[in-house]
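Each chain, letter by letter, is given below.
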Amino acid sequence: MEAVLTVAPDPEDRWKPRPVIVTRAQDMAGCRGMRMGYAPLVALMEEVAARGLKKVALIGIPCQVYAVRALEEEFRLDKLYVIGTPCSDNTTTENFHTFLALLDEAPETISYLEFRADFRVELRFDDGRKKLIPFLSLPISKLPRDFFPLTCRTCVDYTNALSDLTVGYMAGEGDQWLIVRNERGEELVALLGDELVASPPGSSGKRAPHVAAFITNVERAAGGLPLRSMPNWVRPLVSFLQPRIGPKGLEFARTRLEMKAAETVIHLRREQPGKIKNMVPAHVWRLLEAYGLRPAEGEQKEPG
């Protein structure tokens, strides 16, 4: 390929995403890491066309990939490879700095953050230190109710279904999780050769109680971020048990998908009920049947 469209850190703020066209392999290393904020990545396709680039890869989150697929024929490319990541809710860079300030007394020294599949957030610092924070100890209650936009709170495509290849942690247990969706995805994986060591993902634990508790908390939050009602003295115990007996591997991925499905319906019913029938596909309702969330009158499209 001739170029890769992705995001790099802004020169003045390492957490702010900056859309870039990478044309040298060695420059991809500078795009490592997680960014938080909004980046008009797809707009770079105009520059791709102006420069006459014809074989392009794009690395994006689901909402970016949807836009790419909708406009793909207009790009007139010889080949387009789409590499997606599972999404994990976005917010403004300014909001994210507020979150970092709640996690550590010196937020400006945090160089890395990841929401891990073992129910903990990992922080790394400029001096080499690491810090793990259980999900249940995150200061969610101190964040504004609109910390995540409604578009993220009602997304039903965490797995980036329109990408050729999805790469992320969601069903991994320390390793990355790959979803190879088509021949173009197979082509990308084949390029790794012996560098890729692959094995089937594991699966253990039970998601149902976690999803049910999440639904209750979202409903109680009345449109804000999920409330956690357990007493403070219980949280360390639950935080100790979650990585050990909680859902892992594919079951963790199913947990997140069903949580997002429920969150979508709950928030749309509260804030945009007229959009439910167009924004909630049939398979999402099937996921929610086990939790008693079923479509009401007018919440599904008429057959045919």
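Residues numbered from 1 in each chain as written. Predicted model: local features only at pLDDT ≥ 70, side-chain atom pairs only at ≥ 80, totals over all residues. Heavy atoms only, no water.

Caption draft 1: Here's a closer look at the sheet that holds strand 1 (residues 3–10). What the 6 strands build is an open sheet, ordered 2-1-3-4-8-9; its pairing is mixed. Looking at the sheet topology across the chains shown, the edges are occupied by strand 2 (13–22) and strand 9 (177–180). The average undirected angle you get between the axes of adjacent strands in this sheet is 25°. Taken together, the 6 bridges between strand 3 (residues 55–60) and strand 4 (residues 79–84) define a ladder with parallel strand orientation. Its bridge partner lying in strand 4, Leu-58 is registered against Val-82. The strands touched by helix 5 (residues 183–190) within the sheet are strand 4, strand 8 (165–168) and strand 9, with strand 4 carrying the most contacts at an inclination of about 80°. (Pairing = 2+ DSSP bridges. Helix = DSSP H or I, 4+ residues; strand = E, 2+ residues; numbered from the N terminus. Axes fitted to C-alpha atoms, helices over the stretch in contact; angles between N-to-C directions. Contact = heavy atoms within 4.5 Å.)

Caption draft 2: Seen up close, the pattern of salt bridges. In the structure shown here, the tally under the stated rule is 19 salt bridges. Between Asp-164 and Arg-69 there is a salt bridge; the shortest N-O distance is 2.9 Å. Of the two residues, Asp-164 is situated in the loop between helix 4 (150–153) and strand 8 and Arg-69 in helix 2 (residues 62–75); the sequence distance between them amounts to 95 residues. Assessed through its relative accessible area of 3%, Asp-164 is described here as buried. Several salt bridges share partner residues, and in doing so they unite Arg-116, Asp-118, Arg-120, Glu-122 and Arg-124 into one network. (Salt bridge = Lys/Arg side-chain N within 4 Å of Asp/Glu carboxyl O. Buried < 20%, exposed > 50% of the residue type's maximum accessible area, 1.4 Å probe, protein only.)

Caption draft 3: Just the nonpolar core, in detail. In terms of nonpolar packing, the biggest core is built from 28 residues, with Phe-96, Phe-99, Leu-100, Leu-103, Leu-113, Leu-123 and Leu-138 touching the most fellow members. Counting residues per element, the ones that place at least two in this core are helix 3 (93–103), strand 5 (110–115), strand 6 (120–125), strand 9 and helix 8 (250–271). Of the residues forming this core, the biggest block, 4 residues, is contributed by helix 3. Apart from residues no more than four positions distant in its own chain, Leu-100 is found in contact with Trp-15, Pro-107, Ile-110 and Leu-113. (Core = buried A, V, L, I, M, F, W, Y, C linked by side-chain atoms within 4.5 Å.)

Caption draft 4: Examining the side chain of Glu-251 more closely. The residue Glu-251 is located in helix 8 in this model. Classification of Glu-251 by relative accessible area gives buried; the value is 8%. Sequence-distant contacts of Glu-251, defined by excluding residues within four places in its chain, comprise Ser-203, Ser-204, Gly-205, Lys-206 and Arg-207.

Caption draft 5: The side chain of Glu-299, seen in detail. Considering the arrangement of structural elements, one finds Glu-299 in the segment after helix 10 (282–288). Within the structure, the side chain of Glu-299 is placed 2.9 Å from the side chain of Arg-269, a separation counted as a polar contact. Glu-299 has contacts with Arg-269, Ile-276, Lys-277, Trp-285 and Arg-294, leaving out every residue within four places of it along the chain. (Polar contact = N/O pair within 3.5 Å; in protein donor to acceptor, adjacent residues only side chain to side chain.)

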